[in-house]
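Summary of the model geometry
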Amino acid sequence: MSQLANKVAIITGAGRKNGIGAATALRLARAGVQVVVGDLCAPPPSNAANPGVGQWQELEEVAGMVEAEGVRCLPMRVDVTDLAAVESMVSATMAEFGRLDILVNNAGVVFGPAPVLQMQEDAWRKTFDVNVTGVFLCCKAALPAMIQTAGQYGAGRIVNMSSLAAARPKPFMASYAASKAAVIALTQALAQEVAQFGITANALLPGDIDTGFKQWGLQLESLVRGKALDEITSEAVAQIPVGRLGTPEDVAGLVAYLVSDEAAFITGQAINVTGGRELSQAAMPR
Ligand code: NAD
């Protein structure tokens, strides 16, 4: 039996079937992990640049797919920027499962990408609210339950979704890039604080993972640069040494490793999942 069997994970931003969160939930479920999948499940605010926020029905479908793997899955409507909502998610997890071993802070967005010269203050703040404050609030709310669980079972795992954008920021994406860089710093401070409880904390830097979010980004670039989507996609792939976009499963596999017992000595790291994209030269969009 897998050493992950019967552990319990919360995964935020898992409400889209083609997203990294859902793939991670499925991957952990296959290892026997019971999963709580959280997502906003609400229409995006009017100035949201990314229209693909998950809906309740899709989150329930994700939960159904996870349960088909033979584990229990609890779908939860949660806004990661709302401490009370995040605390309710943790309380519901403990009420349902009695333990919390794994936290995957995957929810992430970008509001109103634009050159800094034109970027709206509100869009900047909202991006930071979800991507940075959301990770902070989820860690803060989950840690008491995770420390209790680690005390009983010996280990806990936090994985925070940063982005290659943190290390290779693109024009028009300053808010997103800066927020994802903040996720790395937060993770590295946290890793030192929670090591005493047997909990590790690592940040992942995915790059060019083929999800709804990525497709939206490619479409935006296509509009900004006045080039066909196919051409923009081919250009992106040409900069990835592995020669393809990543899949959500590429990221999920690394999460599954980092939450396993084998990864007990890996903490405070920022790990690329990019097909080698960071080795290529970025060009300023024109
Ligand atoms: P996605 O849009 O499928 O996933 C993001 C999820 O976050 C959505 O389901 C959305 O509803 C949810 N969300 C947004 N605001 C929320 C809130 N306030 N509370 C709770 N949930 C909220 O996109 P994805 O590509 O699977 O992205 C997952 C994570 O990976 C994000 O943090 C993203 O920044 C990061 N990432 C993705 C890529 C990529 O190429 N796809 C690259 C680097 C980093």
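Look above for the structure.
First, a word on what this report is: a plain description of the structure on this page. (Residues numbered from 1 in each chain as written. Predicted model: local features only at pLDDT ≥ 70, side-chain atom pairs only at ≥ 80, totals over all residues. Heavy atoms only, no water.)

Section: the pattern of salt bridges
Evaluation of the coordinates by the stated rule reveals 15 salt bridges. The shortest N-O distance in the salt bridge between K17 and E61 comes to 2.6 Å. In this pair, K17 is assigned in the loop between strand 1 (8-12) and helix 1 (20-30) and E61 in helix 2 (residues 56-67), connecting sequence segments 44 residues apart. Among the residues examined, E61 registers a relative accessible area of 31% and is labelled partly exposed. In this structure, R277 engages D208 in a salt bridge whose closest nitrogen and oxygen atoms are separated by 4.0 Å. (Salt bridge = Lys/Arg side-chain N within 4 Å of Asp/Glu carboxyl O. Helix = DSSP H or I, 4+ residues; strand = E, 2+ residues; numbered from the N terminus. Buried < 20%, exposed > 50% of the residue type's maximum accessible area, 1.4 Å probe, protein only.)

A short note on the state of the cysteines
Inspection of every chain in the model, using the stated rule, returns zero disulfides. The structure places no disulfide on C73, whose sulfur is separated from the nearest cysteine sulfur, that of C41, by 12 Å. Given the relative accessible area of 3%, C73 is considered buried. C138 provides the cysteine sulfur closest to C139, a residue in no disulfide bond, and the two sulfurs are 7.1 Å apart. Classification of C139 by relative accessible area gives buried; the value is 3%. (Disulfide = S-S within 2.5 Å.)

Thoughts on the packing of helix 1 against helix 8 (residues 248-258)
One way to put it is that helix 1 packs onto helix 8 with a least axis distance of 8 Å and a crossing angle of 50 degrees. Put simply, helix 1 runs oblique to helix 8. You can see that helix 1 and helix 8 cross each other, and the crossing is right-handed. Contact with helix 1, carried on its side by I20, A23, T24, R27 and L28, involves P248, E249, V251, A252, G253, V255 and A256 of helix 8 and no other residues of that element. Along the lines of polarity and charge, the residues of the contact of helix 1 with helix 8 split into eight nonpolar, two polar and two charged. (Axes fitted to C-alpha atoms, helices over the stretch in contact; angles between N-to-C directions. Parallel < 35°, antiparallel > 145°, perpendicular 65-115°, else oblique. Left-handed = near helix turned anticlockwise from the far one by under 90°. Contact = heavy atoms within 4.5 Å. Nonpolar A, V, L, I, M, F, W, Y, C, P; charged D, E, K, R; others polar.)

Focus on the pairing of strand 2 (residues 34-39)
Looking along a regular strand, one sees the side chains alternate between the two faces of the sheet. Extensive coverage of strand 2 is indicated by the burial of six of its six residues. Burial along strand 2 is two-sided: the residues Q34, V36 and G38 and V35, V37 and D39 are all buried. Bridge count for strand 1 against strand 2 is five bridges, and the pairing is parallel. Paired with I11 across the bridge in strand 2 is V37. (Pairing = 2+ DSSP bridges.)

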